[in-house]
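Close look at the chain arrangement
The chain contents come next:
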Amino acid sequence: METETVRTNKRGRRSQEEILDAAARVMAARGYAGTSISVVSAESGLPKSAIYHHFHSKGGLLSAVMARGLDDFFEAMRTSQTDPPAGGTHRDRLRWFLDRTAEVFAERADFLRLHILLLLSEEADETEVAEILGRVRADGRVRMNQMIRAAFADEGDDIAAQVADRLDYFGVAGFDGAFIAANAEASHTVASQMEQLGDAIAALGEAIVSSLRDA
């Protein structure tokens, strides 16, 4: 039989998740500056006192929203990219990784939209927000590096690592642009732009491979 403490803890966890869900929706639509604790309270149906109890401040709430979104996003990335293809060309393997990534982007658009809004906001210079954004960018670049390295694995570990190190930032920038373009024009989905991005990374990577072998 559950004790009162266990029931209280369960209610507390549920209320935390409800607040985070509401805050993520509001922040993705209005940005961080346009989101108040009062609005999150109205959206979640929970009192402001509950929000302050769990997260202490608006900055603490943002940190929790981004931390949960980041963990969910990269867990979905890991799950979607299990058992990558071993055969095919560099382009084929890159397309497989990029297509899986585009699917995750589509499923977690609110998190990515909030991330872009924060990057372009005045709050991006605030220490707490800058730390959150830095973690998202660093983790995204690591994941892109792993994808490119896997796509060029047939060239050997050293060359694949050099290709990935030179192109991971370019790959992340390509996804940023694709996501913004998809929000500007619905007909240009992230998925529809992955063929060109895959072609570009593959061509640049193969040029790097050639220069390294010539050297």
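This text goes with the structure placed above it.
Sequence order sets the numbering: in each chain, residues are counted from 1 along the sequence as written. Totals for whole chains, interfaces and linings use every residue, but because this is a predicted model, local features are given only for residues with pLDDT of at least 70 and side-chain atom pairs only at 80 or more, for both listing and counting. Side-chain measures here rest on the full set of heavy atoms in the structure, leaving out hydrogens and waters.

All right, on to the packing of helix 6 (residues 109-119) against helix 8 (residues 157-184) then. The relative placement of two packed helices comes down to the angle between their axes together with the axis-to-axis distance. Closest axis-to-axis distance for the helix 6/helix 8 pair is 11 Å, and the angle between their directions is 105°. What the angle tells us is that helix 6 and helix 8 run roughly perpendicular. Here helix 6 contributes A109, L112, R113 and I116 to the contact with helix 8, which in turn contributes D176, F179, I180 and N183. Each residue gets one of three labels, nonpolar for Ala, Val, Leu, Ile, Met, Phe, Trp, Tyr, Cys and Pro, charged for Asp, Glu, Lys and Arg, and polar for the others, Gly among them. In terms of residue class, the contact of helix 6 with helix 8 is made up of five nonpolar, one polar and two charged. To define axes, lines are fitted to C-alpha atoms, for helices over the stretch in contact only, and angles between the resulting N-to-C directions are given on a 0 to 180 degree scale. Labels follow the DSSP assignment, with helices taken as runs of H or I lasting at least four residues and strands as runs of E lasting at least two, numbered in each case from the N terminus. Angle categories: roughly parallel below 35 degrees, roughly antiparallel above 145, roughly perpendicular from 65 to 115, and oblique for all the rest. Whether two residues are in contact is decided by their heavy atoms: any pair within 4.5 Å suffices.

Take helix 8 next. Three- or four-residue spacings in an α-helix give side chains the same orientation, since the helix completes a turn every 3.6 residues. Along its 28 residues, helix 8 runs 39 Å from first to last C-alpha, staying within 8% of the 40 Å computed at 1.5 Å per residue. We define the bend at each residue as the angle formed by axes fitted to the 7 residues ending at it and the 7 residues starting at it. At L167, helix 8 is bent by approximately 45°, the largest bend along its length. To estimate how far a helix should extend, the number of its residues minus one is multiplied by 1.5 Å.

What follows covers the pattern of salt bridges. We define a salt bridge as a contact between a side-chain nitrogen of Lys or Arg and a carboxyl oxygen of Asp or Glu at a distance within 4 Å. Overall, the coordinates contain 17 salt bridges when judged by the stated rule. Taking the shortest distance from any N to any O, the salt bridge between R78 and E75 comes out at 3.0 Å. Of this pair, R78 and E75 both sit in helix 4 (residues 58-80), separated by three residues, roughly a single helical turn. Buried means the residue's accessible area, taken with a 1.4 Å probe over protein chains only, is under 20% of the maximum for its type, while exposed means over 50%, and partly exposed covers the values in between. Taking the relative accessible area as the measure of exposure, R78 reaches 41% and is therefore partly exposed. Classification of E75 as partly exposed rests on a relative accessible area of 41%. Here E195 and R91 are joined by a salt bridge, their closest N and O atoms 3.3 Å apart. Separated by 104 residues along the polypeptide, E195 in helix 9 (residues 194-214) and R91 in helix 5 (residues 90-107) bring together distant segments of the chain. E195 gets classed as partly exposed once you look at its relative accessible area, which sits at 38%. On the basis of relative accessible area, R91 is assigned to the partly exposed category, the value being 27%.

Looking now at empty space enclosed by the protein. The pocket and cavity definitions rest on a 1 Å grid over protein atoms only: a 1.4 Å probe that fits but cannot leave marks a cavity, an open set with protein on both sides within 12 Å along at least five of seven lines marks a pocket, and residues lining either have an atom within 4 Å of a point. Grid points are joined across faces, edges and corners, and a volume is the space filled by probe spheres set on the points. Scanning all chains against the criterion turns up one cavity of 30 Å³ or more. Here the largest cavity is characterised by a volume of approximately 250 Å³. Lining the largest cavity are 19 residues, with F73, F105, L112, G140 and V172 positioned closest to its centre. Residue assignment for the lining of the largest cavity shows that the elements contributing at least two residues are helix 4, helix 5, helix 6, helix 7 (127-151) and helix 8. The element best represented in the lining of the largest cavity is helix 7, accounting for six residues. Residues of the lining of the largest cavity, tallied by class, amount to 13 nonpolar, three polar and three charged.

With that out of the way, let us pick up the nonpolar core. For soluble globular proteins, nonpolar side chains are generally found buried alongside one another. Throughout this description, the term nonpolar core refers to a set of buried Ala, Val, Leu, Ile, Met, Phe, Trp, Tyr and Cys residues connected via side-chain atoms within 4.5 Å. Ranked by size, the top nonpolar core spans 60 residues in total, and within it L61, L62 and I148 carry the most contacts. Among the elements that line this core, the one with the most residues is helix 8, at 10 residues. L62 has contacts with M27, Y32, L114, L118, V129 and I132, leaving out every residue within four places of it along the chain.

As a volume, the largest pocket reaches approximately 250 Å³. Considering the residues around the largest pocket, the lining is formed by 14 residues, among which A24, R68, G69, D110 and F111 are closest to the centre. Of all elements in the fold, only helix 1 (4-30), helix 4 and helix 6 reach the threshold of two or more residues within the lining of the largest pocket. Here the residues of the lining of the largest pocket sort into six nonpolar, one polar and seven charged.

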